[in-house]
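Coordinate analysis (summary)
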Amino acid sequence: MSDDATTHEAQATPAAPYLKPLPEPTRVSQPFWDAARAGKLLIQRSKKTGKAVHYPRPVSPFGPDDELEWFEASGRGTVYTYTVARRPTAPPWANEPPLVIAIVELEEGVHMTTNIIDCNPSDMRIGLPVAAVFDAVTPETTLVKFRPTT
Amino acid sequence: MSLRGRAAIVGIGELKPVRHTEGATTLGMLAETGRQAVADAGLELAEVDGLITENFAEAPFMAPSTVVEYLGMKARFAEIVDLGGATGAGMVSRAVMAIAGGLCETVLCVTGTRRETQTSSGQRRAANSAFAGRRVDRTPYSEFEAPYGAIGANFGYAMIANRYIHEYGVNPEQLAKIAVAQRYNACHNPNAMFFGQPITIEDVLNSPVIVDPLHMLEIVMPCAGAAALVVTSARRAAKMKRPAAYILGAGENTTHRSITYAPSLTDTAIKAAADRAFKMAGVRRKDIDVASIYDCYTITVLLSLEDAGFCKKGRGGRFVDEHNLQWDGDFPLNPHGGQLSFGQAGTAGGMSHVTEAARQIMGRAQGRQVKKCRFAFVNGNGGIMSEQVSLILGRER
């Protein structure tokens, strides 16, 4: 290791490395992840039907005479269903508090799997109103999570 | 052209599920159980001209030719099936298609998995790093769900259970009763993983909650094992001396990969698959003598009973209360113990629902034989209620 590298490491934040799975954006999904880094929830909708679509894709599920366009979603929704994982679902979540995994139904109608944070697991219920939170887990990646609205 | 009665299951092979198989190869296990099934059918390997298997860790691609070569057979039809837990039932429906289509006459369907302790498999993987990354998932699932810990299947079935409880309601005791009845059945099956270990409803409810609301004893335990079936033409089956299990109906339905995008969490893809199978067979729900229903979790069984049409939507809990689900009860369910108590050896776990239904139809389920067993319903379920394959088996063509 060179002296330069040592100096650089010494100046870096001594944060623990992020070892959980990270999204690998594709050409199609890049706008979603770029927007998340900027604190926005950007999803697609059908020009023909106006219906929202998630996850991002290059072709519309509503037929060949349709196109998808990006728009900024409200970030508001409700818990459609959830579970509290009392045991880790995978090794990177070991030694962490119970993880709340949920499907959120956005106001725009689409479902997203996500985590509910800043919430006591015993307060979780279906129908709970939630709002998007942008969690910068690494300098490159911001995950879209949700927290209860008060 | 209907596939009804065009082919039959005439041979069964199955390795007893075990927790670990240190040093064993999946290929060797497939060969062992495949040979069992061919011998059970009273055939020579040279009389088998079709092979259906699946991709497995040792053979992530070109699995059919790998197995054909290893067994020392020649196949006029060789294929893989990739339907998760529905793979076993899907192998049978595809074997019938190949036979009815005249591609071959006798198909060996074989699936299974070895399982090593994490340490030794990790060391092996590291040593075999040339293959690292070949099976990396780059689907929308890995991009939009895995980062949130939505990994494995437990979380998905737990989310289904919570939604079902919200929409219709079911008591923890009713779900637990499903696991208890299957354990009773396993105690009559010496090949079951949990033979000799009866449990009570209290045991289930006192076992730790893994993912709300599912307890440990409502969740399958992964293990190792293998299973095989020989499917042949009805013409050939009729000439054999032993009883055969004719495939009278087959129906499939696939609607999603990830539970997030399922059309419904509580009205499942099973309904259309089961309706198609019953329609083809011309058999009514009340004609079914044994139900062999995929049971990765107790909630899976509850939804399957409703969506396969054995009771109305939302009445699954009451159905469980009102019926005795033991092999010697009024609604025999998974007499082998189900995967919850027989064991889930990868997709051989799903295949176990077909092997057991065939045994029951053939009258060969010693110690747990359902009386007057004329018709069996089988359901295979892959992914998180994603891929569904239903079969109706019968004693006569």
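This part covers the overall build of chain A. Scanning chain A from terminus to terminus reveals 2 helices and 8 strands. For chain A, the N- to C-terminal ordering of α and β elements is α-α-β-β-β-β-β-β-β-β. The principal-axis extent of the C-alpha atoms belonging to chain A is close to 60 × 40 × 25 Å. Counting only residues that meet the buried cut, chain A has 29% of its 150 residues in that class.

Time to look at the domain arrangement of chain B. Residues and elements named next belong to chain B. Per the domain assignment, the segments of chain B are domain 1 (7–118 + 225–239) and domain 2 (151–220 + 248–394). Taken together, the contact between domain 1 and domain 2 spans 24 residues of the former and 31 residues of the latter. Looking at the side of domain 1 that touches domain 2, the elements that each hand over two or more residues are β1 (7–14), α3 (87–100), β4 (106–113) and β7 (225–233). In terms of residue count, the dominant contributor to the side of domain 1 that touches domain 2 is α3 (7 residues).

The interface of chain A with chain B comprises 27 residues on the first partner and 26 residues on the second. Secondary-structure elements contributing two or more residues to the side of chain A that touches chain B are β4 (76–85), β5 (99–106) and β6 (111–115) of chain A. When its residues are assigned to classes, the side of chain A that touches chain B shows 15 nonpolar, 8 polar and 4 charged.

On to the packing of helix α7 (residues 172–186) of chain B against helix α11 (residues 298–307) of chain B. Describing two packed helices takes the angle between their axes plus the distance from one axis to the other. Residue and element names in this part refer to chain B. Relative to each other, α7 and α11 sit at 100°, their axes nearing to 9 Å. Looking at the two axes, α7 sits roughly perpendicular to α11. Here L175, I178 and A179 of α7 come into contact with α11, specifically with T298, I299, V301 and L302. A class-by-class count of the residues in the contact of α7 with α11 yields 6 nonpolar, 1 polar and no charged.

This next bit is on the environment of B:G338. Tracing the sequence through the fold places B:G338 in helix α13 (residues 338–342). Sequence separation between B:G338 and B:G156 is 182 residues, and the spatial gap between their C-alpha atoms is 20 Å.

Now for the packing of helix α1 (residues 26–40) of chain B against helix α2 (residues 63–71) of chain B. Residues and elements named next belong to chain B. Running from N to C, α1 and α2 point in directions that differ by 60°, and their axes come no closer than 10 Å. Compared by their axis directions, α1 and α2 come out oblique. Pair α1 / α2 crosses with right-handed handedness. Residue-level inspection shows L27, L30, A31 and G34 of α1 in contact with α2, the latter providing T66, V67, Y70 and L71.

Parameters at a glance
Position numbers for residues count from 1 along each chain, tracking the sequence in the order it is written. Think of it this way: whatever chain is written first is A, whatever ligand is written first is 1, and the rest follow in order. Whole-chain, interface and lining totals are the exception, using all residues; otherwise, since this is a predicted model, local features are given only for residues with pLDDT of at least 70 and side-chain atom pairs are given and counted only at 80 or more. Helix and strand labels come from DSSP, where a helix needs a run of H or I of at least four residues and a strand needs a run of E of at least two; each type is numbered from the N terminus. Buried means a residue has 20 or more other C-beta atoms within 10 Å of its own C-beta, exposed means 12 or fewer, and partly exposed covers the counts in between; C-beta atoms are placed from the backbone. The split of the chain into domains comes from an automatic or database domain assignment. Contact between two residues is assigned when their C-beta atoms, built from the backbone, lie within 7 Å. Three classes are used: nonpolar for Ala, Val, Leu, Ile, Met, Phe, Trp, Tyr, Cys and Pro, charged for Asp, Glu, Lys and Arg, and polar for all others, with Gly counted as polar. Here the axes come from fitting lines to C-alpha atoms, over the contacting stretch only for helices, and the angles between their N-to-C directions go from 0 to 180 degrees. Angular relationships are summarised with four words: roughly parallel below 35 degrees, roughly antiparallel beyond 145, roughly perpendicular across 65 to 115, and oblique for the angles in between. In this scheme the handedness of a crossing depends on how the near helix is turned from the far one: anticlockwise by less than a right angle means left-handed, clockwise means right-handed.

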